[in-house]
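Observations on the model geometry
What follows is each chain in one-letter form.
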Amino acid sequence: MLTGMDELKQKAAHEAVKQVRDGMVVGLGTGSTARHAIVRLGEMVVRGLDIVGIATSVESERLARKVGIPMADINEYEVIDITIDGADEVNGDLVLIKGGGGALLREKIVASCSKKEIIVVDEGKLVKKFSFPLPVEVVPFGWKRTADKLRAFGFTPQLRKGFVTDSGNVILDCHYDELGSPEKIERAVNNLPGVVECGLFINLADEVIVGKREGVERLKQ
Ligand code: 5RP
């Protein structure tokens, strides 16, 4: 039995998988919304759809294999035809904050290699002004010192306790009052020694499919 919000996530995910065709290499996102897409793709594979999946996390890889999607390593494919992933917040310029599930690094690598990146969200994720704490993946060595540098940018970084990413790093969830220019923030944060990647996704989403009570809405670049 799906909750109200989960139903909207499923609506968006099911709409997105309609764009998947035979022969495609498909990037599989991470999180509760992307999960709906993976499960539906598994059903489509059972009915004969011929695709290869590239996972953005160990968790999604496990689920995809369980539902029968043939999986490959990203190093085997130069281009991914289509990726379906979730997001924590999306603004009107299709800038995203991702990483609530801690998979932002692999998600960004996969997005950057995808011909088409489709983001699936429920309507609660659409915002005028970002407020979701910005996840920043940092190497464990000296993470407190990296946090000091993020603090100097006006963030209040909080270590995500008990969490290690698939690449063996930690996440600092960076709280803020006003995020400011996403381009400048991404550049500055990613330039800090110790930072591996931040959860700002700029010019990566080609289409956002929003699950709403009354149907789905599409936002395009
Ligand atoms: C994981 C992510 C997810 O896409 C994001 O956290 C949204 O998750 P959900 O669909 O569960 O709300 O970026 O790193």
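Residues numbered from 1 in each chain as written. Predicted model: local features only at pLDDT ≥ 70, side-chain atom pairs only at ≥ 80, totals over all residues. Heavy atoms only, no water.

1. Remarks on the domain arrangement of the chain
Keep this limit in mind: Domain segmentation is taken from an automatic or database assignment of domains. A 1.4 Å probe defines the accessible area here, and the buried area is the portion of it lost by two parts on being joined, summed over both. Salt bridges, as used here, are contacts in which a Lys or Arg side-chain nitrogen is within 4 Å of a carboxyl oxygen on Asp or Glu. Numbering of helices and strands runs from the N terminus, with a helix taken as a DSSP run of H or I at least four residues long and a strand as a DSSP run of E at least two residues long. Gly falls in the polar group here, along with every residue not listed as nonpolar (Ala, Val, Leu, Ile, Met, Phe, Trp, Tyr, Cys, Pro) or charged (Asp, Glu, Lys, Arg).
With domains assigned, the chain is organised as domain 1 (4-127 + 202-220) and domain 2 (134-196). Taken over both partners, the interface formed by domain 1 and domain 2 buries close to 1,200 Å², and the fraction arising from carbon and sulfur atoms is 57%. It is Ile 97, Leu 105 and Ile 202 that lose the most area in domain 1 upon contact with domain 2, and together they represent 41% of the buried surface on that side. In this structure, the connection of domain 1 to domain 2 is made through one salt bridge. Between Glu 186 and Lys 108 there is a salt bridge whose closest N-O contact spans 2.7 Å. Sorting elements by how many residues they give to the side of domain 1 that touches domain 2 places helix 4 (residues 104-112) first, with four residues. Partitioning the side of domain 1 that touches domain 2 into residue classes produces six nonpolar, five polar and four charged.

2. Section: the environment of Leu 126
Put simply, the rule is: The contact rule is simple, with two residues in contact once any of their heavy atoms fall within 4.5 Å.
Mapped onto the elements of the fold, Leu 126 is located in the loop between strand 6 (114-122) and strand 7 (134-138). Sequence separation between Leu 126 and Glu 43 is 83 residues; the distance between their C-alpha atoms is 29 Å. Residue contacts for Leu 126: discarding those within four places in its chain leaves Val 90, Val 210, Glu 217 and Leu 219.

3. Thoughts on the packing of helix 1 (residues 4-17) against helix 2 (residues 32-46)
Convention followed: Only C-alpha atoms enter the line fits that serve as axes; for helices the fit covers just the stretch in contact. Angles between N-to-C directions range over 0 to 180 degrees. Oblique is the label for every angle not falling under 35 degrees (roughly parallel), over 145 degrees (roughly antiparallel), or within 65 to 115 degrees (roughly perpendicular). In this scheme, a crossing is called left-handed if the near helix is turned counterclockwise away from the far one by less than a right angle; it is called right-handed if the turn is clockwise.
Contact geometry for helix 1 and helix 2: axes closest at 8 Å, N-to-C directions at 50°. Judged by the angle between their axes, helix 1 and helix 2 are oblique. In this structure, helix 1 crosses over helix 2, and the sense of that crossing is right-handed. Of the residues in helix 2, those in contact with Asp 6, Lys 9, Gln 10, Ala 13, His 14 and Val 17 of helix 1 are Ser 32, Thr 33, His 36, Ala 37, Arg 40, Leu 41 and Met 44. Looking at side-chain class alone, the contact of helix 1 with helix 2 contains five nonpolar, five polar and three charged residues.

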